[in-house]
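Each chain, letter by letter, is given below.
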Amino acid sequence: MNDFHFNTPGTIIFRTGSSGDTETYKSLIKAGRTLLVTDSTLQKLGIADKVQTALEGSGADVLVYDKVEPEPNAATVRDIAETAKGENVIQVIGLGGGSPMDVAKIASLMIPHPQPIESMYGVGQAEGVRLPLILIPTTAGTGSEGTPVAVVTGDDGEKSPVIGPQFICDSVILDAELTLALPPGVTAATGIDAMVHSIEAYTSGTRKNPVSDQLAIKALKLLHGNIRTAVMQGNNIDARGNMLVGSMMAGLAFANASVGAVHALAYPVGSQFHLSHGESNSVILVPVMRFNLSKAVSLYADLGREIIPECMEVSNMDAAGRLIEEMNRIVPEIGLKDRLSDYGIDEKNLDTLVDGALKQERILSYNIKSIDREDILNVYQSIL
Ligand SMILES: [Fe+2]
């Protein structure tokens, strides 16, 4: 077995209603100034208020920052550091989808160790020890609550990941109630992103390990078994809970294995054509699986046998093929688009997309099968 290093949050709480319950926080926080990072939608829905009240019941003196926008900019990170200056913040809570959670991660480090955000971009560039950090996801998809990654949009408009072991939080609170209000389109797109995390972690070319493998398998089972129900019956609390746990497990899996070419090829599609992260992953998933098939037959077969009973009876190649076909079926079935042309992208846009994908060198290097400019172009062309 290869050496591996596995990082994980210290405490994971899964309970319906937990985020608005004072009891949840009693053993997790200290009395004192507490920064709650969220967005205006959660503020309007009253969810931020509920969490704030529960935190106050546990002795927290809450400073709310609710200005995190989708795909947050570096400017937002600077603004939050400025807001917290002189406030004697002793702990940070991130409440929301990936954007507020990612900003909360960076804030928890920047408040005690001011460092220009530009100098944090990349792997291991962020310095210092962060404040205690609790993350409360309100979508089932990014898995940010389990990862050491925070993504911001730099001043040049490029997606700039900040990656460091400090960004693995102390505690995760999973409350399925928070995801009941998610519209079907968001549920579908974020759910596919989480499934991509499982599939890419399990087939990672470099860092997969026995712990990430088990998490990826169980995550895919939970996500595959519940995504249709969560999309079609948004108020089904069991399906919502299963998606939330599946998404967190998939996050832990890819944080300790890696993602691969689906993410690398989806990034430029998302940033150049303003698709959400989940939408761009949904378009790219199947063609990249087809590209990777020759190197991933037995791994795809493993996953196929976990989620499709008929795969038990067939060869590895057939089981792998059935997994790909199942993913190909699910994407349109839950209302997501599966062609680049559905988003107004055509042949003349492909060169810039390929250039964008090639910039994701680090992620491409983790893909199970080596992939070059021509391969990337072929993948994009196959889904025009
Ligand atoms: Fe993702």
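These numbers come from a predicted model, not from an experiment. In this convention, every chain numbers its residues from 1, walking through the sequence in written order. In keeping with the model being predicted, local features are shown solely for residues with a pLDDT of at least 70 and side-chain atom pairs are shown and tallied solely at 80 or more, while totals for entire chains, interfaces and linings include all residues.

**Re the overall build of the protein**
Working step 1: If you tally the helices and strands in the protein, you get 14 helices and nine strands.
Working step 2: Compactness check: the protein gives a C-alpha radius of gyration of 20 Å against a globular reference of 21 Å for 384 residues, within 12% of the reference.
Working step 3: By principal-axis analysis of the C-alpha atoms, the protein measures approximately 60 × 45 × 40 Å.
Working step 4: With C-beta atoms placed from the backbone, a residue is buried if 20 or more other C-beta atoms are within 10 Å of its own, exposed if 12 or fewer are, and partly exposed between those counts. Counting every position in the protein, which comprises 384 residues, the buried fraction comes to 53%. Note on conventions: DSSP H or I runs of at least 4 residues are helices, E runs of at least 2 residues are strands, and numbering of each starts at the N terminus. Note on method: radius of gyration uses C-alpha positions; expected globular size equals 2.2 Å times residues raised to 0.38.

**Here we look at the sheet that holds strand β9 (residues 171–174)**
Strand pairing in a sheet is mediated by backbone hydrogen bonds. Such pairs are either parallel or antiparallel.
Working step 1: Any two strands are treated as partners once DSSP identifies two or more bridges connecting them. Taken together, the six strands give an open sheet; going across it, the order is β1-β9-β6-β4-β2-β3, and neighbouring strands pair in parallel fashion. A single partner strand is all that each edge strand has here, and the edge strands are β1 (11–14) and β3 (60–65). The mean angle between the axes of side-by-side strands here comes to 20°, regardless of whether they run parallel or antiparallel.
Working step 2: Across the sheet, helix α3 (residues 47–57) touches β2 (32–37), β3, β4 (91–96) and β6 (133–137), and the angle it forms with β3 is around 155°.
Working step 3: The strands that helix α8 (residues 237–256) touches are β1, β6 and β9; relative to β9, the one it contacts most, it runs at about 155°. Lines fitted to the C-alpha atoms define the axes, with helices restricted to the stretch that makes contact. Angles between their N-to-C directions range from 0 to 180 degrees. Working definition of a contact: two residues with C-beta atoms, positioned from the backbone, lying within 7 Å.

**Let's talk about the nonpolar core**
Working step 1: Joined through C-beta atoms within 7 Å, a set of buried Ala, Val, Leu, Ile, Met, Phe, Trp, Tyr and Cys residues constitutes a nonpolar core. Within the largest apolar cluster, 128 residues are counted, with the highest numbers of intra-cluster contacts made by Val37, Ala107, Ala253 and Leu265.
Working step 2: With twelve residues, helix α10 (residues 277–307) is the single largest residue contributor to this core.
Working step 3: Those residues in contact with alanine 107 that lie beyond four places of it in its chain are Leu35, Val37, Ile80, Ala81, Ala84 and Val92.

**With respect to the packing of helix α7 (residues 210–232) against α10**
Working step 1: Where α7 meets α10, the axes come as close as 10 Å, and the angle between the chain directions of the two elements is 45°. By the angle between their directions, the pair α7 and α10 is classed as oblique. Crossing of α7 against α10: the hand is right-handed. Of α10, the residues touching α7 (which contributes Ile217, Leu220, Lys221 and His224) are Leu303, Glu306 and Ile307.
Working step 2: Asp, Glu, Lys and Arg are counted as charged, while Ala, Val, Leu, Ile, Met, Phe, Trp, Tyr, Cys and Pro are counted as nonpolar; the rest, among them Gly, fall into the polar class. Its residues assigned to classes, the contact of α7 with α10 shows four nonpolar, one polar and two charged. In this scheme, roughly parallel covers angles under 35 degrees and roughly antiparallel covers those over 145, while 65 to 115 is roughly perpendicular and the rest are oblique. Less than a right angle of anticlockwise turn of the near helix away from the far helix marks a crossing as left-handed, whereas a clockwise turn marks it as right-handed.

**Points about the sheet that holds strand β5 (residues 122–123)**
Working step 1: Across the sheet, which stays open at both edges, the three strands sit in the order β5-β8-β7 with mixed pairing between neighbours. With one partner strand each, in any of the chains shown, β5 and β7 (149–153) form the two edges of the open sheet.
Working step 2: With five bridges joining them, β7 and strand β8 (residues 159–163) adopt antiparallel strand pairing. In the sheet register, valine 149 faces β8, and the bridge partner there is isoleucine 163.

**Looking at the environment of phenylalanine 254**
Working step 1: Within the fold, phenylalanine 254 resides in helix α8.
Working step 2: On the basis of neighbour count, phenylalanine 254 is assigned to the buried category, with 31 C-beta atoms found within 10 Å.
Working step 3: Each residue touching phenylalanine 254, except ones within four places of it in the same chain, is listed here: Gly143, His197, Glu200, Ala201 and Val259.

**Quick notes on the domain arrangement of the protein**
Working step 1: Segmentation into domains, and thus their bounds, comes from an automatic or database assignment. Looking at the assigned domains, one finds that the protein contains domain 1 (11–178) and domain 2 (182–382).
Working step 2: Placing a centre on the C-alpha atoms of domain 1 and another on those of domain 2 gives a separation of 26 Å.

**Digging into helix α11 (residues 316–333)**
Working step 1: Here a helix's expected span is defined as the number of its residues, less one, multiplied by 1.5 Å. The end-to-end C-alpha distance of α11, which contains 18 residues, comes to 26 Å, matching closely the 26 Å that a straight helix rising 1.5 Å per residue would cover.
Working step 2: Taken as a whole, α11 has its buried residues at Ala319, Ala320, Gly321, Leu323, Ile324, Met327, Ile330 and Val331.
Working step 3: Those residues of α11 that are buried lie in contact with α6 (184–202), α7 and α10.
Working step 4: Phi for glycine 335, located one or two positions after α11, is positive at around 90°.

**Some details on unusual backbone geometry**
Working step 1: Positive phi, normally seen in glycine, also occurs at asparagine 88, with a value near 55°.
Working step 2: Relative to the elements of secondary structure, asparagine 88 occurs in the loop between α4 (74–84) and β4.
Working step 3: Assessed through the 10 C-beta atoms surrounding it within 10 Å, asparagine 88 is described here as exposed.

**Examining helix α14 (residues 373–382)**
Working step 1: Along α14, the residues that are buried comprise Ile376, Val379 and Tyr380. An end-on view of α14 places all buried positions within 95° of arc, on one side of the element. Exposed residues on α14 whose side chains face more than 90 degrees from its buried face are Glu374 and Gln381.
Working step 2: Looking at the buried residues of α14, the elements they touch are α9 (261–273), α10 and α12 (350–358). Read the arc as the range of directions from the helix axis to the C-beta atoms.

**Digging into the packing of α10 against α14**
Working step 1: The geometry of α10 relative to α14 is characterised by a closest axis approach of 9 Å and an angle of 135° between their N-to-C directions. It follows that α10 is oblique to α14 by the angle criterion. The way α10 lies across α14 gives a crossing that is right-handed. Contact with α10, carried on its side by Pro287, Val288 and Phe291, involves Asp375, Val379 and Ser382 of α14 and no other residues of that element.
Working step 2: Classifying every residue of the contact of α10 with α14 by side-chain character gives four nonpolar, one polar and one charged.

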